[in-house]
Amino acid sequence: MPCVVFASLKGGVGRTTALAVVAADMAAQGRKVLVVDLDLEAPGIGSMLLNTIDLPRFGMLDAFVESGITSLTDEFLFEMVAASSFGAGNGLIDVVPATGSIADGHPGNVLAKLARAYVDTFDAAGSVQTFGERTRSLVGRLSSLKSYDLVLVDARAGLNESTAAAMLALGAHVLLFGEDTPQTFAGYRYLLAHLGRFARNPDDDWVARLKMVYAKASPLAADQQGFRDRAHDVFQEFIYVEESVAPDEAPGEATPVDSVALSEFMLDEVGAPHYALPVLMDTNYFRFDPLTRRDVLDQALYQNSYKDLLAWAGSLVQSDEGEAADGE
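Rules used in this analysis
- Residues numbered from 1 in each chain as written.
- Predicted model: local features only at pLDDT ≥ 70, side-chain atom pairs only at ≥ 80, totals over all residues.
- Heavy atoms only, no water.
- Phe/Tyr/Trp six-rings, centres within 6.5 Å; stacked < 30°, edge-to-face > 60°.
- Helix = DSSP H or I, 4+ residues; strand = E, 2+ residues; numbered from the N terminus.
- Buried < 20%, exposed > 50% of the residue type's maximum accessible area, 1.4 Å probe, protein only.
- Axes fitted to C-alpha atoms, helices over the stretch in contact; angles between N-to-C directions.
- Parallel < 35°, antiparallel > 145°, perpendicular 65-115°, else oblique.
- Left-handed = near helix turned anticlockwise from the far one by under 90°.
- Contact = heavy atoms within 4.5 Å.
- Nonpolar A, V, L, I, M, F, W, Y, C, P; charged D, E, K, R; others polar.
- Pairing = 2+ DSSP bridges.

Caption draft 1: Structural detail: the packing of aromatic side chains. Evaluated as defined, the whole model comprises eight aromatic pairs. Consider the rings of Phe6 and Phe177, whose centres lie 5.8 Å apart with planes at 25°: the pair is stacked. With Phe6 in strand 1 (residues 3-8) and Phe177 in strand 8 (residues 173-178), this pair connects stretches of sequence that are 171 residues apart. You can call Phe6 buried: its relative accessible area is 1%. Look at Phe177 and you get buried, because its relative accessible area is 2%. Relative to Phe131, the ring of Phe64 has its centre 4.6 Å away and its plane inclined at 25°; by these criteria the two rings are stacked.

So, in structure tokens, the structure goes:
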């Protein structure tokens, strides 16, 4: 099943709102969706899609803490999941919040748990389990509890360990949200410069799973093209390159390395990572609270602003279904 991570360098760009819209749209089509909140320090999607009385006992924060002490049972995992009313009568939206009802009833314990959540642990053989490895294990086990069509993960904003774990450890498609500001591209230079250090495995081309999202976008085609051009410049600098060694170097000599641009992603190539999906500026989504105003998750209201993102998500699910059918 496809997994999509919603990431951003700054808060307030509509990342979590977009995730809720995608989940609601998938459910309206009869799909089964799992939503996981990995924004441990600023939980959001859980309270957007679940009433307080519907919260499960545990959340991702509890799981990270408890998994450092003992192996988590399937019973524990089931107590991390609750169904959202926004999936009722159509498909299914299961939600794993960052914090559950226990934390909600004892809020004074949350900060202490956060300090423990990121600590590396050890498995039964004594090997170190990094936060990224623990994230991959948890999301994988949660995804296998039911037969889901799509997994949506809300990552923490910024450059930090939990965001890196969501982006690098899950083998997921990663949506990189940003407004058209100098700060957006300055921040993504840091991120992409870091990612550019990782080797490209032909069997697992993580670069092809990256996708920029132009948040709070202008409806003007020229503005959208401008954002894509600026995104292309950053990707070209750090990601669309391949290290090659000069062929005439004698053995044993210092080997200079040249950076040669790849031609696999063209400036106007729709499927390229830099070719941003626009999510249009829409005042209906400035103060997003679907539990109070349920119509914000009605297709008639969100379709125009989110249509490109929804089409992209739908194509992932359809492609996965096609591959599954071919494998039968």
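Caption draft 2: Looking closely at the packing of helix 3 (residues 60-67) against helix 6 (residues 110-117). In contact at an axis separation of 9 Å, helix 3 and helix 6 are set at 55° when each is read in the N-to-C sense. On the basis of their axis angle, the class for helix 3 and helix 6 is oblique. Crossing geometry of helix 3 relative to helix 6 is assigned as left-handed. Of the residues in helix 6, those touching helix 3 at Leu61, Asp62, Phe64 and Val65 are Val110, Lys113, Leu114, Arg116 and Ala117. Residue composition of the contact of helix 3 with helix 6, by class: six nonpolar, no polar and three charged.

Caption draft 3: Up close: the sheet that holds strand 3 (residues 82-83). Spatially, eight strands are ordered 3-4-2-7-1-8-9-12 in an open sheet, and the strand pairing comes out mixed. Each edge of the sheet is formed by a strand with only one pairing partner; in this case those strands are strand 3 and strand 12 (277-280). Bridge count between strand 8 and strand 9 (residues 210-217): five bridges; the pairing is parallel. Residue pairing in the sheet places Val174 in a bridge with Leu210 of strand 9. Its contacts with the sheet put helix 1 (residues 15-28) on strand 1, strand 2 (32-37), strand 4 (92-96), strand 7 (150-154) and strand 8, and the angle it makes with strand 7 is roughly 165°.

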